[in-house]
Structures are given as structure tokens and as C-alpha cells.
Amino acid sequence: MDIHELTAAYALDALEPDEAQAYEEHLGQCEECRAQLAELNEAATALAFGAVSPAPPPRLRESILAAAAAERTNVIPLRPRRWTTRVLAATAAAACVAVGFGISALTTGGGTQIVSAAVVVAPDHTATLNVSGLGAAPQGKTYEAWIIPSGGRPRAAGLFAGSSVKLNGRVPAHAVIAVTLERAGGVPASTNQPLVVAQT
Amino acid sequence: MAARSEESALAELYDRYGRAAYGLALRVVRDPVLAEDAVQEAFLALWRTAARFVPERSKASTWILTLVHRRAVDAVRHEQRRRADTLENAPEPSVAGVDEDAWLRLQRERVQEALRSLPDAQREALELAYYGGFSQSELAERLGQPLGTVKSRMFAGLARMRELLGDPGTEVSWTSTS
């Protein structure tokens with residue numbers, strides 16, 4: 001089967017889990033598919049508006065906000081929780097043991113930025129983080145990457161200017177990679193809110 | 001970074017997109033409880049990963065609805081609520097009696113009109129896949145068509161929908177109607 005032909009089905013969530021995983025791995029290497037997916041994904045999402053939309057019960061809103069507030073201290077998801085989403089700016093190596101993705105929307109003075117992060121973990125547990133959508137760090141600031149082992153504390157994993165960094169240190173299974181904005185030179189431990197988080 | 005509290009941003013995001021999200025989930029899972037679960041899981045997934053939520057001018061709706069759809073399809077497949085009857089015979093939630101948001105109604109009519117203009121085979125493939133939650137393999141079996149045919153129909157149908165709907169432009173409308 002030609003994996004390029006799976007783009008429409010992926011956009012419609014019409015792949016079986018193993019097919020979807022294979023396609024996501026392919027997506028990291030195929031710019032053509034990423035571009036096509038971006039287009040077809042818009043069309044697929046438009047279908048969402050084709051459904052009748054009765055008002056959800058009021059308790060749903062309360063329930064979501066209460067659950068979010070309860071997780072308030074969990075700035076970073078420490079539990080291994082695997083979910084993938086469409087990643088339009090991923091770079092994957094041919095041989096890797098894990099690929100993690102994350103997307104976030106940032107508010108800045110100028111409006112909105114959609115930031116995506118892709119982390120590719122090699123068989124020797126070294127990893128490269130690719131981020132798209134972050135501008136250059138402001139004067140006197142730097143981006144800092146963090147490796148957060150499942151259930152463990154964040155470890156500083158390198159400073160970078162905005163797009164790609166080879167992480168310092170090994171990335172254990174199910175680790176979370178986070179990016180923060182810090183003062184130039186970086187910090188050994190951060191209290192800042194992550195700009196984007198990728199779950200491997 | 002905006003000073004706005006994240007929780008109120010999440011609330012705002014829900015107020016804008018919660019209804020569309022719930023409608024989508026309900027259409028796919030056809031069960032109010034499962035639909036609520038899918039919406040809640042999607043919003044919380046967003047909450048756990050996003051540093052800041054930006055309701056205005058972003059493509060937040062695409063992102064949320066993508067997450068909701070994924071959850072809803074997972075739920076349908078997980079529950080193995082495979083419906084023996086065809087989608088045509090299992091009506092979508094009725095419009096009658098639904099106090100539908102005017103803007104959402106316009107969007108729905110626009111999308112449904114575009115769907116109606118597709119060749120039947122393409123529309124059927126899109127509806128069964130997106131609203132029915134069927135995988136391409138299930139579709140091929142159900143329709144008695146080769147997998148390649150199903151894939152071409154989905155691709156041609158989606159590409160045509162894109163032409164018909166253009167850039168959805170949904171985000172712009174939100175600000176003027178909310």
C-alpha cells in the first residue's frame with residue numbers, strides 16, 4: 001500500500017490505529033504529505049460544522065472547568081498519556097524508538113501563535129527536539145528544553161534559539177519534553193509555564 | 001503573555017466551541033453520555049498540553065474539533081457500537097426542537113449544501129467515515145468496494161469540499177456573533 005494515499009483517510013480519522021501510527025511516522029519525513037494533510041484537515045474539520053448542534057447540558061461546562069481546576073497544579077502532564085494529534089511540522093528520523101508531538105497556542109502581544117513540537121528519540125535514547133512557530137527568543141532571553149521522566153523532576157536539557165536542539169541527556173520511555181522561556185544563560189530549575197509540551 | 005487567567009480562557013474557549021464540539025461528538029457517538037465524555041476529554045487534553053489558550057483569531061476550533069472527533073471515533077470503535085443499519089436509516093439528531101445557534105445553523109447549511117453537491121459515492125464515503133466513525137477497511141467491506149476505490153472517493157470528496165468551502169473563515173465569524 002502506498003502510504004501517501006492515506007492522507008485523506010487520516011484527516012477523516014478513518015485509519016486503524018496501526019495504520020495511523022505508520023502514517024504519522026511517515027508524516028515526519030514527507031513534506032508533500034504534510035502540506036496535503038494541512039489542506040485536507042481543514043476540509044475534514046469543516047464537516048464538523050455539518051452536524052446539528054444542540055446545546056450541551058450545562059453540567060458539561062462545569063465538569064470540564066472543575067476537572068481543569070483540579071489539575072491546575074499539574075502544569076506539565078506527569079502521567080504517561082499517549083495522545084497524538086496532527087502534526088504539520090514534525091521531523092522524524094528513519095530509525096527512532098519514539099516520536100512525541102505537542103501543539104500549543106500562545107498569546108503574545110502580537111496575537112496568537114500556534115507552536116508545535118516534535119521530539120524524535122533515537123535507539124540510544126538521545127533525542128532531537130524540533131519546534132516550529134516560536135519566534136526568536138526576546139532580548140536577554142533563551143528557550144530552554146526540559147526532559148521530564150515519567151513521575152520524575154524536570155532536567156534541563158539544553159538552550160536554543162528557536163527551532164531545533166539536540167537534547168542533553170537521555171530521554172527515558174514515556175518522558176515528557178517541555179520548552180520554557182528563561183533568562184539568557186538558562187536556569188537549572190524552572191518555575192515558568194511551558195510554552196509547549198511533547199509527550200513521547 | 002496575556003494576563004488573562006488560563007481558567008477563564010478555557011471557559012471562553014468552551015463557550016465558543018463547546019456547542020459545535022458537542023454536536024460533532026453526538027453525531028458520531030449518538031449517545032449523550034459518550035458525547036459529553038468525548039468533549040470533556042478533548043478539552044482536558046488541550047488543557048494539559050497548551051500553555052495558553054487563545055480564543056480569538058486562532059485556529060483553535062480546528063484544533064479542538066480535531067481532538068473531539070478523534071475521541072468520538074475512538075469511543076465508537078471501542079464500544080463497538082457498530083450499527084447494522086445504514087447511516088441513512090440511523091438519523092442524525094433531529095433539527096426539530098433544537099434551539100440552534102444561528103451562526104452554527106448557517107455553517108451547517110453551508111456544509112450540508114456542499115456535501116449534497118458531491119457525487120453520491122463520494123458523499124457516502126465522507127459521511128460514513130467522518131460521521132459514522134468507520135475505518136477505511138470497514139468502509140471497503142461495507143460498501144463492497146476495493147480499498148483503493150474507497151481511498152479515492154474519500155480523497156476526491158475531501159478535495160472537492162475544500163474547493164466548495166474554501167478557507168472556512170469560521171474564526172472571523174465567531175467574533176461578530178458571540
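Structure: see above.
Residues numbered from 1 in each chain as written. Chains lettered and ligands numbered in written order. Predicted model: local features only at pLDDT ≥ 70, side-chain atom pairs only at ≥ 80, totals over all residues.

### A few points about the overall build of chain A
Logical step 1: Scanning chain A from terminus to terminus reveals four helices and eight strands.
Logical step 2: Counting from the amino terminus, chain A carries its helices and strands in the arrangement α-α-α-α-β-β-β-β-β-β-β-β.
Logical step 3: When the 200 residues of chain A are sorted by exposure, 42% land in the buried category.
Logical step 4: Considering only residue pairs separated by 6 or more positions, chain A has 62% of its internal contacts joining residues 24 or more positions apart. (Helix = DSSP H or I, 4+ residues; strand = E, 2+ residues; numbered from the N terminus. Buried ≥ 20, exposed ≤ 12 C-beta atoms within 10 Å, placed from the backbone. Contact = placed C-beta atoms within 7 Å.)

### Remarks on helix 7 (residues 147-165) of chain B
Given 3.6 residues per turn, any residue in an α-helix points the same way as the ones three and four places further on.
Logical step 1: The terminal C-alpha atoms of helix 7 of chain B, which comprises 19 residues, lie 27 Å apart, in line with the 27 Å expected from a rise of 1.5 Å per residue.
Logical step 2: Considered for burial, the residues of helix 7 of chain B that qualify are Val150, Lys151, Arg153, Met154, Phe155, Gly157, Leu158, Met161 and Leu165 of chain B.
Logical step 3: Its buried side turned inward, helix 7 of chain B meets helix 1 (7-11) and helix 3 (31-48) of chain A together with helix 4 (102-116), helix 5 (120-131) and helix 6 (136-143) of chain B.
Logical step 4: After helix 7 of chain B finishes, the residue Gly166 of chain B shows a positive phi value of roughly 60°. (Expected span 1.5 Å × (residues − 1).)

### As for the pairing of strand 5 (residues 155-160) of chain A
All names here are of chain A.
Logical step 1: Pairing analysis gives four bridges linking strand 4 (residues 141-148) to strand 5, with the strands arranged antiparallel. Across the sheet, residue Ile147 finds its bridge partner in strand 5, namely Arg155.
Logical step 2: Between the end of strand 4 and the start of strand 5, which pair antiparallel, lie six residues, with Gly151 showing a positive phi angle near 75°. (Pairing = 2+ DSSP bridges.)

### Comments concerning the nonpolar core
Logical step 1: In terms of nonpolar packing, the biggest core is built from 70 residues, with Ala21, Ala25, Val68 and Met154 of chain B touching the most fellow members.
Logical step 2: Counting residues per element, this core draws most heavily on helix 1 (residues 6-29) of chain B, at 12 residues.
Logical step 3: Those residues in contact with Ala25 of chain B that sit more than four places away from it in its chain are Ala35, Ala38, Val39, Val68 and Ala72 of chain B.
Logical step 4: The next biggest cluster of nonpolar side chains, apart from the first, holds 29 residues, and it includes Ala118, Val121, Tyr143 and Ile177 of chain A. (Core = buried A, V, L, I, M, F, W, Y, C linked by C-beta atoms within 7 Å.)

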